[in-house]
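# Structural features, examined
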Amino acid sequence: MFDVNYFLEVFPTIARAFQVTIEVTAAGIAVAMVLGLFIDLGRRTRIAPVRWVVEFIRDFIQNTPLILQAFFFFWIFPQYGGFKLDALLSGIIVIGIQYAAYTAEVYRAGIDAVPAGQWQAARALNFSRADTWRRIILPQAIPPIFPALGNYLISMLKDTPQLLVIGVLGMAGTAQAIGNQTYEYGEPMVVAGIIFVIASYILSLGVRRLEARFGRLT
């Protein structure tokens with residue numbers, strides 16, 4: 001039977017853990033947006049070895065599970081690399097790198113959508129390659145991809161529970177920890193699920209506003 005009193009009792013504790021989930025999501029999407037742009041730019045370089053390495057890394061990240069990447073980064077790599085970051089920072093880095101591989105595809109679509117005439121105009125005005133990217137291409141390519149990046153933000157929020165494997169106690173981890181103490185898992189998990197649904201819905205409304213303003217990337 002569902003215990004309403006138990007539900008209300010654990011709700012504040014799990015809700016406070018939402019701060020960790022927000023921290024991981026916000027910092028992770030920042031890493032993904034910056035690194036994703038560099039991945040796409042690396043794939044466009046004229047230096048073939050660099051392009052091959054970037055493409056290999058992107059494909060490797062896309063084709064391995066987040067939970068496995070987190071496990072190896074936090075538990076295995078320190079044994080050989082001689083360093084170990086705390087769980088929260090490790091989780092931010094891992095989830096940021098994971099999603100950078102996907103945001104790179106969004107940047108690719110946005111940059112490819114910029115008319116070729118913009119490049120030609122930049123060359124005619126004797127702009128350097130760096131100035132062309134900074135002042136002409138990126139300002140036109142990035143605004144239309146905001147909705148797609150927003151969708152990845154929602155996906156990242158829902159993927160944060162996978163970081164429990166390295167000890168990042170967001171809402172799901174806190175709910176599980178409470179269940180381990182009381183042997184009653186239903187109510188804590190329901191609390192975490194409700195907060196996830198509310199947060200995802202609020203973010204989806206923001207994405208819809210971005211779509212209305214900038215339009216869908218086609």
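First, a word on scope: everything that follows refers to the structure included in this document.

### A look at a nonpolar patch on the surface
Residues F2, V4, L8, V190, I194, I198, Y201, I202 and L205 make up a contiguous nonpolar surface patch of roughly 820 Å² in combined accessible area. Listed by contribution, the elements that provide at least two residues to the nonpolar patch are α1 (4-43) and α9 (186-214). Looking at which element gives the most residues to the nonpolar patch, the answer is α9, with six residues. Here V190 lies in helix α9.

### Regarding unusual backbone geometry
The phi angle at N126 is positive, at roughly 65 degrees, despite the residue not being glycine. Relative accessible area serves as the criterion here: at 69%, N126 is assigned to the exposed category.

### Here we look at the packing of aromatic side chains
Overall, the coordinates contain ten aromatic pairs when judged by the stated rule. Geometrically, the ring pair formed by F71 and F72 is edge-to-face, given 6.0 Å between the ring centres and 80 degrees between the ring planes. Taken together, the ring pairs connect F2, F7 and F11 into an aromatic cluster. Sitting over the face of the ring of F74, K84 holds its NZ or CZ atom 4.6 Å from the ring centroid.

### Looking at the packing of α1 against helix α8 (residues 171-182)
Running from N to C, α1 and α8 point in directions that differ by 145 degrees, and their axes come no closer than 7 Å. As for how α1 packs across α8, the hand of that crossing is right-handed. Where α1 abuts α8, its residues Y6, V10, T13, I14, A17, F18 and T21 lie against M171, T174, A175, I178 and T182. Its residues placed into classes, the contact of α1 with α8 shows eight nonpolar, four polar and no charged.

### Here we look at the side chain of E187
Checked against the element boundaries, E187 lands in helix α9. Separated by 2.8 Å, the side chain of E187 and the backbone nitrogen of D3 make a polar contact. Once residues lying within four places of it in the same chain are set aside, the contact partners of E187 are M1, F2, D3, Y6 and F7.

### Focus: the nonpolar core
Grouped together as the largest cluster of nonpolar side chains are 16 residues, with contacts concentrated most on V24, I95, M156 and V168. Within the residue set of this core, elements represented by two or more residues are α1, α3 (66-81) and α4 (87-112). It is α4 that contributes the most residues to this core, five residues altogether. Among residues more than four places away in sequence, those in contact with V24 are L88, I92, I95, M156, T160, L163 and V168. Of all hydrophobic cores here, the second largest spans 15 residues; its members include M171, V191, A192 and A199.

### Some details on the packing of α1 against α4
One way to put it is that α1 packs onto α4 with a least axis distance of 5 Å and a crossing angle of 45 degrees. Between α1 and α4, the interaxial angle falls into the category oblique. Relative to α4, the crossing made by α1 is right-handed. Class assignment of the residues belonging to the contact of α1 with α4 gives a composition of 19 nonpolar, four polar and five charged.

### A look at the side chain of T103
Residue position: T103 is located in helix α4. Since its relative accessible area comes to 0%, T103 is described here as buried. Not counting chain neighbours up to four residues away, the residues in contact with T103 comprise A32, M33, G36, L149 and Y152.

### Looking at the environment of R51
Secondary-structure assignment places R51 in helix α2 (residues 48-62). Here the alpha-carbon distance between R51 and I194, two residues 143 residues apart in the chain, equals 43 Å. The residues contacting R51, other than those within four sequence positions of it, are G42, R43, T45 and R46.

Thresholds applied
Residues numbered from 1 in each chain as written. Predicted model: local features only at pLDDT ≥ 70, side-chain atom pairs only at ≥ 80, totals over all residues. Heavy atoms only, no water. Patch = residues over 30% accessible without salt bridge, like charges linked within 9 Å, V, L, I, M, F, W, Y side chains within 5 Å. Areas by Shrake-Rupley, 256 points an atom, 1.4 Å probe, with all protein chains shown as cover. Salt bridge = Lys/Arg side-chain N within 4 Å of Asp/Glu carboxyl O. Helix = DSSP H or I, 4+ residues; strand = E, 2+ residues; numbered from the N terminus. Buried < 20%, exposed > 50% of the residue type's maximum accessible area, 1.4 Å probe, protein only. Phe/Tyr/Trp six-rings, centres within 6.5 Å; stacked < 30°, edge-to-face > 60°. Lys NZ or Arg CZ within 6 Å of the ring centre and 35° of its normal. Axes fitted to C-alpha atoms, helices over the stretch in contact; angles between N-to-C directions. Left-handed = near helix turned anticlockwise from the far one by under 90°. Contact = heavy atoms within 4.5 Å. Nonpolar A, V, L, I, M, F, W, Y, C, P; charged D, E, K, R; others polar. Polar contact = N/O pair within 3.5 Å; in protein donor to acceptor, adjacent residues only side chain to side chain. Core = buried A, V, L, I, M, F, W, Y, C linked by side-chain atoms within 4.5 Å. Parallel < 35°, antiparallel > 145°, perpendicular 65-115°, else oblique.

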